[in-house]
Amino acid sequence: MSDRRELLLAIDTSAGTSVAVVEGDYREPREVASSATAASTVTAGAHHPAAVTEATPHRAVVLSEANGFDTMKHAEVIGRLIEQALAEASIRPQQLTGVVAGMGPGPFTGLRVGIAAANAFALGLGLPVLRVVSHDAIAFAAQGAGRTGEVLVVSDARRREVYWSLFDLSGQTPVRIDGPGLAKPDALPHVHAATLDAAHVSAGALGQVALEMLRTGAPFAADQALYLRSPDVTLSTGVKRVTQR
Amino acid sequence: MSTVSPPAAAAGLTGEALRRPVVLGIETSCDETGIGIVRGTTLLANAIASSMDEHARYGGVVPEIAARAHLEALTPTIHAALGEAQLSFADIDAIAVTSGPGLSGALMVGVAAAKGLAIATGKPLYAVNHLVGHVGVDLVSPDSEPLEYPTIALLVSGGHTSLLYVRDLVSDVELLGETIDDAAGEAFDKVARVLGLPYPGGPHIDRVAVGGNPKAIRFPRGLSQPKDMAAHRYDFSFSGLKTSVARWVEARSDRGEEIPLADVAASFREAVADVLITKALAACADRGVPRLLLGGGVVANARVRALAEERAALAGVTLRIPPLALCTDNGAMIAALGAQLIMRGHAPSALDFGADSTLPVTEIQVR
Ligand SMILES: [Zn+2]
């Protein structure tokens, strides 16, 4: 892939509220001679060939992460946490190159808060929205913490149901092999896999997943929130009588 | 007043941006995603996406369907409003958003989007009251004379039925009364179902009422008996009216008689309009306020408007009805109220506000 530096604001409200700023630096190491030519066209007279060869390839770092763990206060805290994540990373909104939105699965009301904030934030600056399955961030964080093999990520879907996704963590990065899906806890698929009950989604991990997807050119998620459940409505069954026959 | 910041301090805006601020308003309290843009008291754009069709098969607004629709409609509707106003974000001085009252899941979509947009663009953010917005929209109505205070405001929709005493739009609004059960718009929807008419009920009841006799059936006027007028002088109740219509229709059809649709629709509509306008004009008389402002989607109902015009004229009350596109829920009303707050020197809201489904009218701006 070509040289680039990504600076992303990542937002996830599929569990609590998590906001992070991540940075990806993808300048490839190369021959001094050719890079000197390339650099001189950009920075005439001030080029520094040595600096180019020292560029770090595939560096993905979390510059900041701000969290609110209350699962009922997404709308209240989302603004402050965005401000906090930007301030801790010493990043101004104008410096960002994209916005990462955690698309769920997650309880609807809260999930929408993060997606709406991410969409509007990106809109205000003309930035792309990079949509990532929230469970992918859980798997990424788990692998970073040393988990390996097949793992079934499970998170609360309320109403005595859970969301699940099956990952293979044996490669360099997690691969989602099935899901996300919705099930009763006693009817979960892939019972052979070790389960990972997740109550928190890290926006830092979400941002790192997005950086990895950008690097490899993997397709991002669709723009619909992953509700995995139809709106709770009952079709009206005609008009009820108000008087006794 | 000590609670109001000096104008120059408000939101860091100065000069023309303070005298005639360009405000983008976001409204998501029910089933309309509304984005409006005003400059001071001039309407620049009023873009609306409605999920009404998706609710039709359920006979009423389904909150989860409304909230999902808001999330999908917000970005295109913001684009549409900017396009209509021929502006970019750089031209916007401030953002205003409905904090309540309304459906909480629906409100949260707008609140979150407003916060994201405000931080990204560095614009001051005003969290405002939806009901007061219905009054404020009169200020941006084309060719509108400046709104005079005090005024009585009757706000009637599928979500609310409220009677307000507005002494000052940005600092002094009092709730005189509201519905104790169904909103007037809900009564239209429910009676439409009893009569086998589609959702939303208002326009269909209007349609079949043509040629009907409004005095054919004397349906009850809720909370209008002398005993009610003591405790609930300015409150409304429509659930008894709906039951009464259903009972009347059932008795007829049980006897194998034809239902005179036009007469039932006209008589029901008359009962709603009568109680709404009677109570609103009573408030005008009691408070000595010769001004009445109507707002909300039910104002689209022809009979409600006609009766208001007729009786207001008799009572010597000046009646104001904004254009219908501004009576139904929209973003322009939120932008208009935001602009008034800025012009009066109010500081922006703190970033911690949420969605408040029962926000009282006294809280015009959520600090
Ligand atoms: Zn309304």
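Residues numbered from 1 in each chain as written. Chains lettered and ligands numbered in written order. Predicted model: local features only at pLDDT ≥ 70, side-chain atom pairs only at ≥ 80, totals over all residues. Heavy atoms only, no water.

> What should I look at first to understand the pairing of strand S3 (residues 42-50) of chain B in this one?
The side chains of a regular strand alternate between both faces of the sheet. Residue and element names in this part refer to chain B. Bridging between strand S2 (residues 32-39) and S3 involves eight bridges; their strand directions are antiparallel. Each bridged residue has a counterpart across the sheet, and for Gly-36 the counterpart in S3 is Asn-46. In this antiparallel pair of consecutive strands, S2 and S3, the connection spans two residues, and Gly-40 shows a positive phi of 60°. (Pairing = 2+ DSSP bridges. Helix = DSSP H or I, 4+ residues; strand = E, 2+ residues; numbered from the N terminus.)

> I keep staring at the packing of helix H5 (residues 134-144) of chain A against helix H6 (residues 203-216) of chain A and nothing clicks. Help me out?
Residues and elements named next belong to chain A. At a minimum axis separation of 8 Å, H5 and H6 run at an interaxial angle of 100°. Taken together, the axes of H5 and H6 lie roughly perpendicular to each other. Contacts between H5 and H6 involve Ser-134, Asp-136, Ala-137, Phe-140 and Ala-141 from the first element and Ala-205, Leu-206, Gln-208 and Val-209 from the second. (Axes fitted to C-alpha atoms, helices over the stretch in contact; angles between N-to-C directions. Parallel < 35°, antiparallel > 145°, perpendicular 65-115°, else oblique. Contact = heavy atoms within 4.5 Å.)

> What is the right way to look at the layout of surface pockets in this model?
One simple way to see leftover space: roll a probe sized like a water molecule over the atoms. Residues and elements named next belong to chain B. Of the voids in this model, the largest pocket is the one considered here, and its volume is about 1,200 Å³. Lining the largest pocket are 45 residues; nearest its centre among them are Cys-30, Ser-157, Gly-158, Gly-159 and His-160. Of all the secondary-structure elements, those providing two or more residues to the lining of the largest pocket are helix H5 (130-136), strand S7 (161-168), strand S8 (172-178), helix H6 (184-194) and helix H7 (201-209). Of the residues that constitute the lining of the largest pocket, the class distribution is 17 nonpolar, 19 polar and nine charged. (1 Å grid on protein atoms, 1.4 Å probe; cavity = no way out; pocket = protein on both sides within 12 Å on 5 of 7 lines; lining within 4 Å. Points joined across faces, edges and corners; volume = space filled by probe spheres on them. Nonpolar A, V, L, I, M, F, W, Y, C, P; charged D, E, K, R; others polar.)

> Can you walk me through the nonpolar core in this structure?
The tendency in soluble globular proteins is for nonpolar side chains to be buried side by side. Of all hydrophobic cores here, the largest spans 69 residues; its most connected members are Ile-82 of chain A together with Ile-37 of chain B. Here this core takes eleven residues from helix H4 (residues 108-125) of chain A, the largest share from any one element. Here Ile-82 of chain A is in contact with Leu-9, Ile-11, Val-19, Ala-117 and Phe-121 of chain A together with Ile-119 of chain B, once residues within four sequence places are set aside. Residues Val-191, Ile-205, Val-264 and Val-299 of chain B belong to the second largest nonpolar core, which totals 51 residues. (Core = buried A, V, L, I, M, F, W, Y, C linked by side-chain atoms within 4.5 Å. Buried < 20%, exposed > 50% of the residue type's maximum accessible area, 1.4 Å probe, protein only.)

> Would you explain the interface of chain B and chain A in this entry?
The interface is formed by 37 residues belonging to chain B together with 40 residues belonging to chain A. Interface area, chain B with chain A, both sides summed: about 3,300 Å², of which 65% is carbon and sulfur. It is Arg-68, Leu-71 and Ile-119 of chain B in chain B that bury the most area against chain A; as a group they hold 19% of the surface buried on that side. In this assembly, chain B and chain A are joined by four salt bridges. Arg-241 of chain A is the partner of Asp-254 of chain B in a salt bridge, and the nearest nitrogen-oxygen pair spans 2.8 Å. Summed over the shared surface of chain B and chain A, the number is eight residue pairs in polar contact (both at pLDDT 80 or more). By residue class, the composition of the side of chain B that touches chain A is 20 nonpolar, seven polar and ten charged. (Buried area = accessible area lost by both parts, 1.4 Å probe. Salt bridge = Lys/Arg side-chain N within 4 Å of Asp/Glu carboxyl O. Polar contact = N/O pair within 3.5 Å; in protein donor to acceptor, adjacent residues only side chain to side chain.)

> I tried to follow the coordination of the zinc ion on my own but got confused; where do I start?
Expected angles at a metal are 109.5 degrees for tetrahedral coordination by four donors and either 90 or 180 degrees for octahedral coordination by six donors. Residue and element names in this part refer to chain B. Surrounding the zinc ion are the protein donor atoms His-130 (NE2), His-134 (NE2), His-160 (NE2) and Asp-329 (OD), at 2.1 to 2.3 Å. Relative to the metal, the four donor atoms surrounding the zinc ion lie at angles of 89 to 157°, and the coordination shape comes out irregular. All donor residues of the zinc ion come from one chain, and their arrangement in sequence is H-x3-H-x25-H-x168-D. You can see His-160 sitting in the loop between strand S6 (151-156) and S7 and its partner Asp-329 sitting in the loop between helix H12 (324-327) and helix H13 (331-343), a full 169 residues away along the chain. The buried category is assigned to His-160, whose relative accessible area is 13%. (Donors = N, O, S within 2.8 Å, 3.2 Å for Na, K, Ca; no water. Tetrahedral: all angles 85-135°; square planar, octahedral: opposite > 155°, others 65-115°.)

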